[in-house]
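Structural description and commentary
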Amino acid sequence: MTETMWKCDQVRAGRLYNRMMFDTKEEAVQFMQRMQQMEPDQMFSIEAIEARQVWN
């Protein structure tokens, strides 16, 4: 596991709908692109976070 993880948030109507964690930015971007095709009404954001913020 790397020290950096990538958080992808899906937001619908201003509310967090789903949050997924990925090991690489490429995985997060691929997921976001697939979901945008299936759910065009959702907003997506990708953010780098430190793994220690996820796992204690």
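Let me sum up the structure you'll find in this document. All values reported here derive from a predicted model rather than from experimental measurement.

1. Some remarks on the environment of A51
As for its placement among the helices and strands, A51 is situated in helix α2 (residues 51–54). With 28 residues separating them along the chain, A51 and D23 place their C-alpha atoms 9.2 Å apart.

2. A look at unusual backbone geometry
The backbone phi angle of A13 is positive, close to 55 degrees, even though this residue is not glycine. By secondary structure assignment, the location of A13 is in the loop between β1 (4–12) and β2 (15–22).

3. Re the environment of D23
In this fold, D23 is placed in the loop between β2 and α1 (25–38). Assessed through its relative accessible area of 39%, D23 is described here as partly exposed. Considered as a pair, D23 and T4 are 19 residues apart in the sequence and their alpha carbons are 7.3 Å apart.

Analysis parameters
- Residues numbered from 1 in each chain as written.
- Predicted model: local features only at pLDDT ≥ 70, side-chain atom pairs only at ≥ 80, totals over all residues.
- Heavy atoms only, no water.
- Helix = DSSP H or I, 4+ residues; strand = E, 2+ residues; numbered from the N terminus.
- Buried < 20%, exposed > 50% of the residue type's maximum accessible area, 1.4 Å probe, protein only.

These figures come from the coordinates and say nothing about function on their own.
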